[in-house]
Structure formats: C-alpha cells, structure tokens
Amino acid sequence: MHITNAQGFTVDYHKHYKIVSVNHPWKDARTRFQYILVQCGTPTPEGFKPEQVIQIPVRSVVTLSTTHFVPLQQLGVLDRLIGISNFKDVTTPAVNEKVRKNQLAEVGNAGGLKLEKILELAPDLVTTFGTGNPQTDAHPKLLEAGIKVAIVAEYMESTPLGRAEWMKFLALFFNREAEAERSFAEVRQRYQAIAAKAKTVNRRPTVFSGFERKGTWYVPGGNSYVAKFLADAGANYLWSDDRSPGSLQLTFEQVYDRAAQAQYWIINAPSVKTRADLLAIDPRYQGFAALITNNVFSPTAKVNPQGGNDYWQSGIANPDVILADLVKIFHPELVPGHQFVYYRQLPQ
C-alpha cells in the first residue's frame, strides 16, 4: 500500500502479518500505537504484547466515531458493523438502514461507554479515537476489558486529503487495501482537479473563520486543514501567515481588527442556524462587512432532526465535495453545475 498524503500512520508488510503504527494519536502525544495484524490461521510473531495482536480480516467491528461509517461503506465492509455510539447522530443512509433493520447496537460514547454491551457483542475490533485524557478516552477501558482496539487519528492531519486517506488505515484490518487505493485515488484526483481550477483565479477574496465562545475566538491556524481548504478554494485566508496546525485562541478585538472588512465569513457553529442567531450571541457581530453583505456560510446543509451533522460524518471522506462547495462560495463561475452539499448561506 502506498500512502501519499497522510502523515500519521505507517505500515510495514511481513510474510503473513502487517505492522501498523499510529505515530501522532493526539496533540502532544508522547505515546504511539502499534498493531500487529496477523492473517487468520497463521502463526503469531513473537515479541509483541497480546493486546497489540489482531487477527485479520476483522469479521465484526464496533465504531465509536461517526467518521468511520463512510470509509467502512467505501471499503465494502459495512455489513460487519455491529455497534455504534448512538443512533441519533447518524446521517449516513446505509447506517440508518441498519438501525431500522435492528442490525446495530448502541454502545454509548467515551464518557458513558456501555462496556458490558460491548463485551456481549464480542466484536473482533473496536475503532475509536484518542485525546490523551484518560477520563474521557475509551481505549484504556476497552483494553483493560481485553477488547481489541484501533486508534484512528485522522483528525490530527493538517490537510483534507491526509484526513481522507485514513480509510487506508481502516482497510488494513479488513485486507481491503486494493479497494482503499482505488477509492482514495479517485477522491484525490477530483480534489486536485478542483484545486487546479481555483489556482488560476486573479482575485482571491478575503475570508475569516470560527466564532467566539465564552470570550475566546477559536481561529483555525494557518497550517490547519481548514486553512488548506480555503487556500485550495482560491480564497485569501486572513490567518494564512500563521504556522499553527491547530486553533488559535484570540479575543473578539483581535479578530475584528483583522477581519472587520473581510468579504466572507465561514462559521462552524451547530447552534447558529440564521444571521439572527449570530447577532443574538453577540450584537457586535453586526460590525463585520461579511455579515452586512450576507456572505456568511456554514456547513449545516445536511443536519438531521437530532442535530447530527453530515459534514462531520461523510465530509472527512469527501474532501473533494467540500472543496467544490467552497469554490462555489468564492468563485461560483468555476463550478457552474455544482449544487451545495455541505455548506449553505446563512438566512436572515
């Protein structure tokens, strides 16, 4: 398998097993994870801890993250999914179908994990993510109970394609590398074609992102995947000169000083459905030119009645579609046939 964009995992192939390493499981992690994937019916190599050794192909899986649904579907192994955190967040049609047919169990999330339910399901594997906080992370509890766990750290990647390529990580556990290579190559090709169009533009409109929460404005760093999306969509992101891969914590005044005249505002706040909602949070927002000209956009076009947002579910697997949405915002003439999938303009 060839990894082109993801930085966070590697794989080494041996005769009848693979060694998969997760190098950056969470921010400032001092630990890494290694999995020994042994082909079913072959001898287990020596020198590894039992919890690292996983028999493949995995026949049953529980996932604690909604971002794993679409990759499992793309790999053709959604029939092996037997448990998820909760039903209310699901926006993926094929997973909703499994819920309707009573083919899935609800196992709670890291904070309120139903460990007994998981033990009863006895999955070959649980896929989850880590934050480095033992109070909220699920994997220590699962490992202690003798359950095989894989940490998927796509959210640590600083590019949209890097995040999407983690489908190859999941593929390793099912021997579906060929499917993953093919599927990701198509996504990458479409993404690069759209980015190439946006590179040709003469004007790059100014844009800022984020919003204020409890006195702090979280602004995506200039080396974050959000900044990469905006650059590839032909926009001039006002914090692109920053080198941080995560979020910057700024004050309202710091953002206002730089972004008051920005042409576009990309906001990602689940509670904000309209411009009126924004102004209810803070009347000072009305000073932003982007709000005055009605150029505020939010990735809330596909939200289910319980608040599950498809942007956070299928979006990671479809960066090409997100990029097409952004290009439609900044340079609609470049994607004349494209209809918004994830983004929408905030109504009054």
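Here the structure is shown first, and the text comes after it.
Quick summary incoming for the structure in this document. In this convention, every chain numbers its residues from 1, walking through the sequence in written order. Totals for whole chains, interfaces and linings use all residues, but because this is a predicted model, local features are given only for residues with pLDDT of at least 70 and pairs of side-chain atoms are given and counted only at 80 or more. Each side-chain value is worked out from all heavy atoms of the structure, with water and hydrogens disregarded.

As a further point, take a nonpolar patch on the surface. A patch is a set of surface residues, each over 30% in relative accessible area and not in a salt bridge, joined within 9 Å for like charges and within 5 Å for the nonpolar side chains Val, Leu, Ile, Met, Phe, Trp and Tyr. Shrake-Rupley sampling with a 1.4 Å probe provides the accessible areas, and residues are treated as covered by the protein chains on show and by no other component. Put simply, a salt bridge is a Lys or Arg side-chain nitrogen that is within 4 Å of an Asp or Glu carboxyl oxygen. Together, F129, Y155 and M156 make up an exposed nonpolar region whose accessible area comes to about 240 Å². You can see F129 is positioned in the loop between strand 8 (125-128) and helix 4 (139-144). Per the convention used, a helix needs a DSSP run of H or I reaching at least four residues, while a strand needs a run of E reaching at least two, with both numbered from the N terminus.

Tallied over the full model, the rule gives 16 salt bridges. Across the pair E177 and K18 runs a salt bridge, and its minimum N-O distance is 2.8 Å. Taken together, the residues span a long stretch of sequence, with E177 in helix 7 (residues 177-199) and K18 in strand 2 (residues 17-22) at a distance of 159 residues. Between buried and exposed lies partly exposed: a residue is buried under 20% and exposed over 50% of the maximum accessible area for its type, with that area taken using a 1.4 Å probe on protein chains only. Residue classification places E177 among the buried residues on the basis of a relative accessible area of 13%. Its salt-bridge partner being R284, residue E253 comes within 3.2 Å of it at the nearest N-O pair. With a gap of 31 residues between them, E253 in helix 9 (residues 252-259) and R284 in the loop between helix 10 (275-281) and helix 11 (289-292) connect regions that are remote in the sequence. For R284, a relative accessible area of 38% puts it in the partly exposed group. Where salt bridges share partners, they join E212, E253, D282 and R284 into one cluster.

This part takes up the sheet that holds strand 2. Ordered by their spatial adjacency, 4 strands build an open sheet running 1-2-3-4, and the pairing between neighbours is mixed. Strands at the two margins of the open sheet, each flanked by one partner only, are strand 1 (9-13) and strand 4 (53-56). Neighbouring strand axes in the sheet, compared pairwise and without regard to direction, differ in orientation by 25° on average. By this definition, two strands are paired if DSSP reports at least two bridges between them. Comment: axis = line fitted to C-alpha atoms, over the contacting stretch for helices; angle = value between 0 and 180 degrees taken between N-to-C directions.

Here the focus is the nonpolar core. We call a set of buried Ala, Val, Leu, Ile, Met, Phe, Trp, Tyr and Cys residues a nonpolar core when their side-chain atoms join them within 4.5 Å. Counting 93 residues, the largest nonpolar core has Y35, F173, F208 and W265 as its most contacted members. Non-local contacts of F173, meaning those with residues more than four positions away in its chain, are made with Y35, L37, I54, I56, P57, V58, L125 and A150. Ranked by size, the runner-up nonpolar core spans 11 residues in total, among them L64, V126, A138 and I147. A contact between two residues is defined here by any heavy atoms of the two lying within 4.5 Å.

This brings us to the pairing of strand 8. Here strand 8 shows two buried faces, one formed by L125 and T127 and the other by V126 and T128. In this sheet, strand 8 lies alongside strand 5 (residues 61-63) in parallel orientation, the contact comprising 3 bridges. Bridge pairing links T63 to T127 in strand 8. Pairing analysis gives 3 bridges linking strand 8 to strand 9 (residues 149-151), with the strands arranged parallel. The residue bridging T127 from the neighbouring strand is A150, located in strand 9.

Pairing of strand 1 with strand 2 involves 5 bridges; the strand directions are antiparallel. Residue Y13 lies in a different strand from strand 2, and its bridge partner there is K18. If you look at the hairpin formed by strand 1 and strand 2, you'll find 3 residues sitting between the two strands.

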